[in-house]
Number of protein chains: 2
Amino acid sequence: MSTTVSPAPGAASRPGGRSARVRAAVHRAVKELVADEAGEPPTIPVIAARAGVHATTVYRRWGTVAELLADVATSRFSGDIVVPDTGSLRGDLERYAHDLAKDLSDPDTLALVRATIGTGGEQGAAACRGERQRQLEAILEREQARGEQPPTLEHATDAVLAPLYYRAVFTDLPLTPEWTRTLVSRLLPG
Amino acid sequence: MSTTVSPAPGAASRPGGRSARVRAAVHRAVKELVADEAGEPPTIPVIAARAGVHATTVYRRWGTVAELLADVATSRFSGDIVVPDTGSLRGDLERYAHDLAKDLSDPDTLALVRATIGTGGEQGAAACRGERQRQLEAILEREQARGEQPPTLEHATDAVLAPLYYRAVFTDLPLTPEWTRTLVSRLLPG
């Protein structure tokens, strides 16, 4: 008596697929809501409604808005810029600073950084740094492998990474290409 | 038939006094709530309850949590550090960086900065810069008045102010006195 009905394709048979779709819908909803309203961060019921999922699903998976924003920021800021390889330290750093400036100049990205910092504490802050620090480290290590003496990671962070984040997040000054080149030339004089 | 009762002293007779007390109570409530829960920013009803005032009073006076946080941050970050006057540019900058590092190392201050950045957009960001930029400018102008050629405000901001804010807000590294002196010595070599 095999009258059982097969599950609809893509439903129970592919939980990974559904899970990935929920994650994508929720991430998209967060990005849209954060970009729309520069102000209070969205609540989980509002995010769930926008994503077309149950609020309980969001609570079960992420717990809090802080966790959710950190997750969105992590996937936004990790792996989206490639480590430049121009053949010289100066060239690599100029490309790196230019790419990061461009990224942080995007109003939606900036809104996400601010919202994540606002709710996330250390976790959110780490999510916003993403892989920037690691990419900077890779650039400096490559220079070392060329037999040169690059600046320390701390110095490069203070001189290039920090001013980019500070200017983007705390001021309304533009992150111009001239200025990003100036940051690198102060780190590498001569 | 003059049986009217005089208003209680300090009530209707001193609206400025009451207004100042409400402001102080609401500011205190915001600081406590933000310090308590590193996470979602408090809502206006929660703030009002903690301050012992009507939520409508808070809505009428500040409108949104973003406005309120920016107001709290403005009074927190303005006028609380005096421009140092040690007799030398290096001494002034070292004192300035040291004071700012100490301030940003306070967990409650940091929680307020993060919450304000999170809700406030440009306005909140400007509130968190407070008078820091102006104080830095005053230090550089004093050096110019001594007949010297100080670095530009942009350079000093990138080299000293930005790394302090970046490290405090985006990392969990300590803002040590050695490091703050290093920032100044990179700006003023030799």
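Predicted model, so just to flag it, every value in this text is computed and none were measured. (Residues numbered from 1 in each chain as written. Chains lettered and ligands numbered in written order. Predicted model: local features only at pLDDT ≥ 70, side-chain atom pairs only at ≥ 80, totals over all residues. Heavy atoms only, no water.)

**Considering the environment of Leu68 of chain A**
All names here are of chain A. Position of Leu68 relative to the elements: it lies in helix H4 (residues 65-77). Along the primary structure Leu68 and Gly124 are separated by 56 residues, whereas in three dimensions their C-alpha atoms are 9.5 Å apart. Those residues within four positions of Leu68 in sequence are excluded, and the remaining contacts are Val26, Val30, Ile47, Val58 and Trp62. (Helix = DSSP H or I, 4+ residues; strand = E, 2+ residues; numbered from the N terminus. Contact = heavy atoms within 4.5 Å.)

**Quick look at the confidence of the model for chain A**
Residue and element names in this part refer to chain A. Per-residue confidence for chain A gives a mean pLDDT of 85, with 87% of residues at or over 70. Looking at the elements of chain A, mean pLDDT is at its lowest for helix H6 (residues 107-129), recorded as 81, and at its highest for helix H9 (residues 177-187), recorded as 97. Interface confidence for the predicted complex, given as ipTM, is 0.83, next to a pTM of 0.83. (pLDDT = per-residue confidence, 0-100.)

**Considerations on the nonpolar core**
One recurring pattern in soluble globular proteins is that nonpolar side chains are buried together. By size, the foremost hydrophobic cluster in this structure holds 114 residues, and its most contacted members are Val26, Leu164 and Phe170 of chain A together with Val26, Leu164 and Phe170 of chain B. If we skip the residues at most four places from it in the chain, Leu164 of chain A touches Ala97, Leu100, Ala101, Leu104, Leu175, Trp179, Thr180 and Leu183 of chain A. (Core = buried A, V, L, I, M, F, W, Y, C linked by side-chain atoms within 4.5 Å. Buried < 20%, exposed > 50% of the residue type's maximum accessible area, 1.4 Å probe, protein only.)

**Digging into the side chain of Thr157 of chain B**
Take Thr157 of chain B: it is sitting in helix H8 (residues 153-170). The class for Thr157 of chain B is buried, based on a relative accessible area of 6%. Excluding its chain neighbours within four sequence positions, the residues that come into contact with Thr157 of chain B are Tyr166 of chain A together with Gln133, Leu136, Ala162 and Pro163 of chain B.

**Side note on the interface of chain B and chain A**
Taken residue by residue, the interface counts 37 residues in chain B and 37 residues in chain A. Interface area lost by chain B to chain A is led by Arg114, Tyr166 and Phe170 of chain B, which between them contribute 24%. Our enumeration of links across chain B and chain A arrives at six salt bridges. Between Arg186 of chain B and Asp158 of chain A there is a salt bridge; the shortest N-O distance is 3.0 Å. The interface formed by chain B and chain A holds six residue pairs in polar contact (both at pLDDT 80 or more) in total. Only helix H4 (65-77), helix H6 (107-129), H8 and helix H9 (177-187) of chain B provide two or more residues apiece to the side of chain B that touches chain A. (Buried area = accessible area lost by both parts, 1.4 Å probe. Salt bridge = Lys/Arg side-chain N within 4 Å of Asp/Glu carboxyl O. Polar contact = N/O pair within 3.5 Å; in protein donor to acceptor, adjacent residues only side chain to side chain.)

**Here's the deal with the relation of the copies chain B and chain A**
For the match of chain B to chain A, the screw axis carries a shift of 0.0 Å, the RMSD comes to 0.0 Å, and the turn is 180 degrees. On the angle and the small slide along the axis, the relation comes out as a two-fold axis. The position closest to the rotation axis in chain B is occupied by the C-alpha of Gly118 of chain B, lying 1.8 Å away. Taken together, the interface assignments show that 100% of the residues at the interface of chain B recur at the interface of chain A, consistent with an identical surface on both copies. (Least-squares fit on C-alpha atoms with pLDDT ≥ 70 in both.)

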